[in-house]
Amino acid sequence: MIFNGPAGRLEGRYQPSSERNAPIAIVLHPHPQFGGTMNNRIVYDLFYAFQKRNFTTLRFNFRGIGRSQGEFDHGLGELSDAAAALDWAQSLHTDSKTCWVAGYSFGAWIGMQLLMRRPEIEGFISIAPQPNIYDFSFLAPCPSSGLIIHGGQDKVTQLKDVQALIDKLKTQKGITITQKIIERANHFFADHIDKLIEYCSWYLDRRLAGDLSEIRPKRLR
């Protein structure tokens, strides 16, 4: 699909749900200047995890990537792109009252910012967020429950930095932050993508079933 964004057209892949009032899911890719695109394997698999659960699902290329127009804007423009993508999906599905946002690495940072600006977002999945590189202080408070999943062998972002972010979010009342650590995975989840998607899918199923009970963090080998 090609739809209008704030810096020109944006290129996306879109799968509508068979249900008119199904939630919308937006999946955001890693850093555009380091090879991130909507066809990243994790983004691709996560897109289909939502699609299999009958979400109306959209992944797209940030500005300057693929057939998307514009130039890299250090996060500010990319956040506008994500908002435009959600607007576009909502314009086609006016009966959809809720949505989810999922992002990997740079996309996790953009997704969490979008979460703060759009009250209709009821859940999130953040894969390998980088609080040592990007400022997450805007999460004050975090308005929705979600999953943060990262690798125990991530050398881009140390576990202690992610843990500090999670511990801060867990002090907030009214939401549940679920944490998963894949012990042997690096930032790119090499040889562990199937396990990553398995646990993201598990989390989605658990949320869709209405289960929001607190779970202690696990280390997954």
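Keep in mind that this is a model prediction, so the values were computed, not measured. In every chain, residue numbers begin from 1 and rise along the written sequence. Owing to the predicted nature of the model, reporting of local features is limited to residues with pLDDT of at least 70; listing and counting of side-chain atom pairs is limited to 80 or more, with chain, interface and lining totals taken over all residues. Neither water nor hydrogens contribute to the side-chain values; these are computed over all heavy atoms in the structure.

A. Inspection of the pattern of salt bridges at higher detail. By salt bridge we mean one thing: a side-chain nitrogen of Lys or Arg within 4 Å of a carboxyl oxygen of Asp or Glu. Taken as a whole, this structure holds 10 salt bridges when the rule is applied. Close ionic contact of aspartate 205 with arginine 53 constitutes a salt bridge, the shortest N to O distance being 2.6 Å. Pair noted here: aspartate 205 is in helix H5 (residues 193-208) and arginine 53 is in the loop between helix H1 (41-52) and strand S4 (56-60), with a separation of 152 residues, a long-range link. Its salt-bridge partner being aspartate 211, residue arginine 206 comes within 3.6 Å of it at the nearest N-O pair. For helices the rule is a DSSP run of H or I covering at least 4 residues; for strands it is a run of E covering at least 2, with both sets numbered from the N terminus onward.

B. Region of interest: helix H2 (residues 76-92). Each residue after the first adds 1.5 Å to the expected span of a helix. The terminal C-alpha atoms of H2 lie 25 Å apart, and with 17 residues this matches the ideal 24 Å at 1.5 Å per residue to within 8%. Every buried residue of H2 is listed here: Gly77, Glu78, Leu79, Asp81, Ala82, Ala84, Ala85, Leu86, Trp88, Ala89 and Gln90. Exposed residues in this analysis have more than 50% of their type's maximum accessible area, buried residues have under 20%, and partly exposed residues fall in between, with area computed by a 1.4 Å probe over protein chains only.

C. Looking closely at the packing of H2 against helix H3 (residues 106-117). The geometry of H2 relative to H3 is characterised by a closest axis approach of 9 Å and an angle of 60° between their N-to-C directions. When the axis of H2 is compared with that of H3, the two are oblique. When the axes of H2 and H3 are compared, the crossing they make is right-handed. Counting all contacts with H2, which are made through Glu78, Leu79, Ala82, Ala83 and Leu86, the residues of H3 involved are Phe106, Ile110, Gln113, Leu114 and Arg117. All axes here are fitted lines through C-alpha atoms, helices being fitted over the stretch that makes contact, and every angle between N-to-C directions spans 0 to 180 degrees. When an angle is under 35 degrees it counts as roughly parallel; over 145 it counts as roughly antiparallel; between 65 and 115 it counts as roughly perpendicular; any other value is oblique. Helix crossings get a hand from a simple test, with the near helix turned counterclockwise from the far one by less than a right angle marking a left-handed crossing and a clockwise turn marking a right-handed one. In what follows, residue pairs with any heavy atoms lying within 4.5 Å of each other are defined as contacts.

D. Quick look at the pairing of strand S8 (residues 177-182). Taken across its six residues, S8 has six buried, putting it largely inside the fold. Here S8 shows two buried faces, one formed by Ile177, Gln179 and Ile181 and the other by Thr178, Lys180 and Ile182. Pairing of strand S7 (residues 145-151) with S8 involves six bridges; the strand directions are parallel. Looking across to S8, one finds that isoleucine 149 is bridged to lysine 180. Note that the unit made of S7, helix H4 (residues 159-170) and S8 has a crossover that is right-handed. Pairing between two strands requires that DSSP report at least two bridges joining them. Every crossover in which the path from the first strand over the helix to the second runs clockwise, viewed with the strands pointing away from the viewer, is termed right-handed.

E. Highlighting unusual backbone geometry. Cis geometry is adopted by the peptide bond preceding proline 141, which originates at alanine 140 and carries an omega value of -5°. With respect to the element layout, proline 141 can be found in the loop between strand S6 (121-127) and S7. Residues other than glycine seldom take positive phi values, yet aspartate 191 does so here, at roughly 70°. Mapped onto the fold, aspartate 191 is located in the loop between S8 and H5. For aspartate 191, a relative accessible area of 83% corresponds to the exposed category.

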